[in-house]
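Report on the structure
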Amino acid sequence: MAVFAICTFGAVTHADSEPGIAVCWGQTADGNHNPPQVMLKNLDAGDRMYFGIDLQGAMHSWGTITESWFPPAVTIGPFLAVSTGSGQNVIALRTDGTITAWATSNQYGILNVPTGNSFVQISSGQDHAAGLTSGGLIVSWGTTQVGWNNDNPSEVPSGGPFSSVACGSWNIYAIRTNGTIAAAGYSGDGQLSGIPTENDFVKVVGGWGHGLGLRSNGEIRTWGRNGEGERNLPSGLYRDIDAGGVNSIGLLLNGNVVVRGRDEYGLLTVPAIDGVTSVTIAGANAGALAPPPAIILGVVPVSGASIGGTAVRINGNNFPSSPTVTFGGAPATDIVVVSPTLITAVTPAGTPGMAVVTVNSASSESFYYRPSCDGDLDNNGTIDSSDLGLMLVNY
């Protein structure tokens, strides 16, 4: 099973997420829900802000962004991935394997990024960060002490080499090349105990006090804090996971997205999204990458018999490869996706009159069912002038 994004407290990654358009929900302040309508290969939710990398490697940001510490000029790139931790720091991986960072303050050394050009993955925590080199080594920087004890959030797990790395709020989690999970840092919420022992993990993520692991067979394992129910993702097989603060998010193989944990700002109410490929969560913000929504431009012919059986061509944009097509709520048959802009199908039986045509979540009132009685086009029981008008419009 592929690793779609190695997301973390802020999130992230090697840049191997399937590209898509960002969909955001949760806290609505400061334009958080107004992502750019461009294809992104990497999406990361932070605290009141989001960051994404487009297919050309340019960085996009939206939400509460203060230009004094994150000026627009830094978006030029090209970048492979971006990760934001507390929402006040951002680290990015360039295409040349180097790391750069921006923050409101360098109090904890988050701007002291490591040198070298062999990094393949990055992840940001609360006030610390980590990078994974092509040789399987983890390099960390930032704060070295949690204020209420002597645990070191930047401590690197033991037992490498590693295939991935992910920062929790006060931890660093990693997957060894043998598929097992390692962890280091703060232990006050059980982050270092109860680590699952299977050896087939492909992704690990961390929140404030809990961790999640995704196995190659789609099963997930959880450990650590569960005070807000953040570990209570429903049973099933998953394609992607993320953790942030006291919340977890998962993308099931059936396409459903689920969120568990603290229910603030409607975070647990996931909008309807078709074709999600990856997910991210942090603070009170959540997001997903999904293909651009389908758009119906028209149906040819524009009418057919109410008994069904009319062969039609549906024109539009962004049609998925396996769509659900309905006419008046009834499923069409013989559906063929000729291209992302054309679907052919056969209409089901329907009620005389205008019918709403849908392709997944896209809809258009663009097909007219003719009544079975010749001449009585409005199906009112008589042939009158209104039937002539309908004939001129629909025939």
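Keep in mind the model is a prediction, meaning the values are calculated, not measured. (Residues numbered from 1 in each chain as written. Predicted model: local features only at pLDDT ≥ 70, side-chain atom pairs only at ≥ 80, totals over all residues. Heavy atoms only, no water.)

Some details on the pairing of strand 8 (residues 119–124)
What counts here: Burial here depends on accessible area, computed with a 1.4 Å probe over protein chains only, as a share of the maximum for the residue type. Under 20% is buried, over 50% is exposed, and the range in between is partly exposed. Each helix is a run of DSSP H or I of at least 4 residues and each strand a run of E of at least 2, with the numbering of both proceeding from the N terminus. Pairing between strands is defined by DSSP: at least two bridges between them are needed.
Across the six residues of strand 8, five count as buried, placing the element largely inside the fold. Across five bridges, the pairing between strand 8 and strand 9 (residues 128–133) is antiparallel. Each residue of the ladder has a partner; that of Ser 123, found in strand 9, is Ala 130. Where strand 8 folds back on strand 9, the antiparallel hairpin that results is connected by three residues.

Remarks on the nonpolar core
Cut-off, in case you're wondering: Here, nonpolar core means buried Ala, Val, Leu, Ile, Met, Phe, Trp, Tyr and Cys residues that are tied together by side-chain atoms lying within 4.5 Å of each other. In this analysis, two residues are considered to be in contact whenever any of their non-hydrogen atoms come within 4.5 Å of each other.
Grouped together as the largest cluster of nonpolar side chains are 17 residues, with contacts concentrated most on Ile 314, Phe 327 and Val 359. Mapped by element, the contributors of at least two residues to this core are strand 22 (295–300), strand 24 (311–317), strand 25 (325–327), strand 28 (342–346), strand 29 (353–359) and strand 30 (362–370). Apart from the residues lying within four places of it in its own chain, the contact partners of Val 359 are Ala 294, Ile 296, Ile 314, Phe 319, Pro 320, Pro 323, Thr 324, Val 325 and Ile 343. With 13 residues, the next largest nonpolar core counts Trp 25, Leu 251, Leu 267 and Ala 290 among its residues.

Description of the sheet that holds strand 16 (residues 220–224)
Short version of the rule: Axes, fitted as lines to C-alpha atoms, cover a helix only where it is in contact. Angles between the N-to-C directions of the axes lie from 0 to 180 degrees.
Read from one edge to the other, the open sheet built from three strands follows the order 14-15-16, with strand pairing classed as antiparallel. Every interior strand has two partners, whereas the edge strands, strand 14 (201–206) and strand 16, have only one. The sheet shows a mean angle of 15 degrees between the axes of neighbouring strands, direction not considered. Where strand 14 and strand 15 (residues 210–215) come together, five bridges link them in antiparallel fashion. In the strand pairing of strand 15, Lys 203 is matched with Leu 214.

Digging into the pattern of salt bridges
What counts, and what does not: Salt bridges are defined by distance alone: a side-chain nitrogen of Lys or Arg within 4 Å of a carboxyl oxygen of Asp or Glu.
Throughout the structure, instances matching the rule amount to nine salt bridges. Close ionic contact of Asp 240 with Lys 203 constitutes a salt bridge, the shortest N to O distance being 2.3 Å. Of the two residues, Asp 240 sits in strand 17 (residues 238–244) while Lys 203 sits in strand 14, which places them 37 residues apart along the sequence. Across this residue pair, the class does not change: Asp 240 and Lys 203 are buried. A salt bridge links Glu 228 to Arg 262; the shortest N-O distance between them is 3.0 Å.

A word on the environment of Ser 339
Among the secondary structure elements, Ser 339 is positioned in strand 27 (residues 333–339). Sequence separation between Ser 339 and Gly 316 is 23 residues; the distance between their C-alpha atoms is 9.8 Å.

A word on the sheet that holds strand 18 (residues 247–252)
Strand order in the open sheet formed by three strands is 17-18-19, and the pairing between neighbours is antiparallel. Each edge of the open sheet carries a strand with a single partner, namely strand 17 and strand 19 (257–261). Each neighbouring strand pair of the sheet contributes to a mean axis angle of 15 degrees, computed without reference to strand direction. With six bridges connecting them, strand 17 and strand 18 associate as antiparallel partners. Bridging from a neighbouring strand, Gly 244 pairs with Asn 247 of strand 18.

Comments concerning the side chain of Thr 100
Going by this rule: Polar contacts, as counted here, are pairs of nitrogen or oxygen atoms within 3.5 Å of one another; within protein the pair requires one atom able to donate a hydrogen and one able to accept it, and residues that are adjacent in sequence qualify only if both atoms are side-chain atoms.
With respect to the helices and strands, Thr 100 occurs in strand 7 (residues 99–103). A distance of 3.5 Å separates the side chain of Thr 100 from the side chain of Arg 94, its partner in a polar contact. Setting aside its immediate chain neighbours within four residues, Thr 100 contacts Phe 79, Val 90, Ile 91, Ala 92, Arg 94 and Val 113.

So, the side chain of Ser 154
Positionally, Ser 154 belongs in the loop between strand 10 (138–142) and strand 11 (162–167). There is a polar contact of 2.6 Å between the side chain of Ser 154 and the backbone oxygen of Thr 143. Sequence-distant contacts of Ser 154, defined by excluding residues within four places in its chain, comprise His 128, Ser 140, Trp 141, Gly 142, Thr 143 and Ile 172.

What to know about the environment of Arg 370
Within the secondary structure, Arg 370 sits in strand 30. Sequence-wise, Arg 370 and Gly 353 are 17 residues apart; in three dimensions their C-alpha atoms are separated by 6.6 Å.

Digging into the confidence of the model for the chain
The line we're drawing: Each residue gets a pLDDT score, which is the predictor's confidence in that residue and runs from 0 to 100.
Within the chain, residue pLDDT values average 87, and 84% of them lie at 70 or more. Note on residues 1–16: pLDDT under 50 across the span, and 97 contacts to partners over four residues away in sequence or across chains.

Digging into the pairing of strand 10
Sheet topology note: the strand 9/strand 10 ladder contains five bridges and is antiparallel. Paired with Ala 130 across the strands is Ser 140, a residue of strand 10. Counted along the chain from strand 9 to the antiparallel partner strand 10, the turn is four residues long, and its residue Gly 136 has a positive phi close to 85 degrees.

What to know about the packing of aromatic side chains
Put simply, the rule reads: Only centres within 6.5 Å qualify two rings of Phe, Tyr or Trp (six-membered ring in Trp) as a pair; their planes then separate them into stacked at under 30 degrees, edge-to-face at over 60, and tilted for everything else.
What the rule picks out here adds up to six aromatic pairs. Consider the rings of Tyr 173 and Trp 223, whose centres lie 5.8 Å apart with planes at 70 degrees: the pair is edge-to-face. Placement of the pair is Tyr 173 in strand 12 (residues 171–176) and Trp 223 in strand 16, with a sequence separation of 50 residues. Accessibility classification places Tyr 173 together with Trp 223 in one group, the buried group. Ring centres of Phe 367 and Tyr 369 lie 5.2 Å apart, and the angle between their planes is 85 degrees; this geometry places the pair in the edge-to-face category. Pairwise contacts between aromatic rings join Phe 327, Phe 367 and Tyr 369 into one cluster.

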